[in-house]
Amino acid sequence: MQDMTEIRWHARAGQGAVTASKLLAETALLKGSYIQAMPEYGPERTGAPLRAYTRISSAPIEVHNNITNPSIVVVLDETLLSFVNVLEGLDENGTVIINTKLDVDEARAILKAPPGVKVAVVDASGISIDALKRDLPNTPTVSALAAVTGTVTVDALKDNLLKTFGHKFSPEVVAANLASVDRAVSEVKIG
């Protein structure tokens, strides 16, 4: 029997959702899973809403379409909540992870989340600004996703960040990203 996790990402272009989707998929691949990561762009300009998708499976993946019924939804920009139905198609026992300063109850109320849906919040933008001096919420958000869902382990994520970022960025940037992982894991709240 195939065990597959499907994740839909909602963000604005430039926030790193496509990179986050790939980072999560590559981390799962390194641990032996089968993966897919794909973007869905609207207007290709910074700030435009976009979706990305990640599939992680214990068996080869034979579907190649966008994800319409995810078990996890990730929202990198809370302003999207006012005009995008991020819960559309979400599994009745699914999980929503939002980059926001709102608390869990406030986020749940805005979403109008059904009782079976878990809602997690993390100030990924604040963490990123503190650690990286830029609003790039993708790494803290993926870290919160790992902590809340166990889709990949936090240690595997950190190992992949070291491998991926180690040859692209300075040791200071790598260290800041790793620090943002630890902060997101300790600061994410779920309800």
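Above this text you will find the structure in question.
Residues numbered from 1 in each chain as written. Predicted model: local features only at pLDDT ≥ 70, side-chain atom pairs only at ≥ 80, totals over all residues. Heavy atoms only, no water.

A. Broad picture of unusual backbone geometry. Positive phi is not limited to glycine here, since Lys112 has a value of about 55°. Assignment of secondary structure puts Lys112 in the loop between α2 (104-111) and β6 (118-122). What makes Lys112 exposed here is its relative accessible area of 69%. A positive phi is found at Lys133, a non-glycine position, where the angle reads about 65°. (Helix = DSSP H or I, 4+ residues; strand = E, 2+ residues; numbered from the N terminus. Buried < 20%, exposed > 50% of the residue type's maximum accessible area, 1.4 Å probe, protein only.)

B. Here's a closer look at the nonpolar core. Ile7, Trp9, Leu24, Val122, Val142, Leu145 and Leu161 are the most contacted members of the largest nonpolar core, which has 35 residues in total. The element best represented in this core is helix α1 (residues 17-30), accounting for six residues. (Core = buried A, V, L, I, M, F, W, Y, C linked by side-chain atoms within 4.5 Å.)

C. Quick look at the pairing of strand β4 (residues 72-75). Of the two faces of β4, the one holding Ile72 and Val74 and the one holding Val73 and Val75 are both buried throughout. Strand direction decides the pairing type here: strand β1 (residues 4-12) and β4, joined by four bridges, are parallel. Bridging from a neighbouring strand, His10 pairs with Val75 of β4. Two strands pair when backbone bridges link them, and β4 and strand β5 (residues 95-99) are joined in this way by four bridges, in the parallel orientation. Bridge pairing in β5 links Val75 to Ile98. (Pairing = 2+ DSSP bridges.)

D. Region of interest: the sheet that holds strand β2 (residues 34-41). Here seven strands make up an open sheet; going across it, the order is β2-β3-β1-β4-β5-β6-β7 and the pairing mixed. The open sheet terminates on both sides in strands that have one partner only, identified here as β2 and β7 (189-190). Sheet topology note: the β2/strand β3 (residues 49-57) ladder contains eight bridges and is antiparallel. Looking at the pairing, Met38 lines up with Tyr53 of β3. Running at roughly 125° to β6, α2 makes contact with β5, β6 and β7 of the sheet. (Contact = heavy atoms within 4.5 Å. Axes fitted to C-alpha atoms, helices over the stretch in contact; angles between N-to-C directions.)

E. View of the packing of helix α4 (residues 138-149) against helix α5 (residues 154-166). At a closest axis distance of 9 Å, the pairing of α4 and α5 adopts a crossing angle of 150°. Classified by the angle their axes make, α4 and α5 are roughly antiparallel. Here Thr139, Val142, Ser143, Ala146 and Ala147 of α4 come into contact with α5, specifically with Val154, Leu157, Leu161 and Phe165. (Parallel < 35°, antiparallel > 145°, perpendicular 65-115°, else oblique.)

F. View of the environment of Lys163. On the secondary structure map, Lys163 appears in helix α5. Sequence separation of Lys163 and Gln36 is 127 residues, and the distance between their C-alpha atoms is 20 Å.

G. Representation of α5 within the structure. Here α5 contains 13 residues, and its C-alpha end-to-end distance of 17 Å stays within 8% of the 18 Å for a straight helix at 1.5 Å per residue. All buried positions along α5 are accounted for by Val154, Ala156, Leu157, Asn160, Leu161, Thr164 and Phe165. Along the long axis of α5, the arc covered by the buried residues comes to 150°, so they all point the same way. With respect to the buried face of α5, the exposed residues turned more than 90 degrees away are Asp155 and Lys163. For α5, the elements touching its buried residues are α1, α4 and α6 (171-187). (Expected span 1.5 Å × (residues − 1). Arc of directions from axis to C-beta.)

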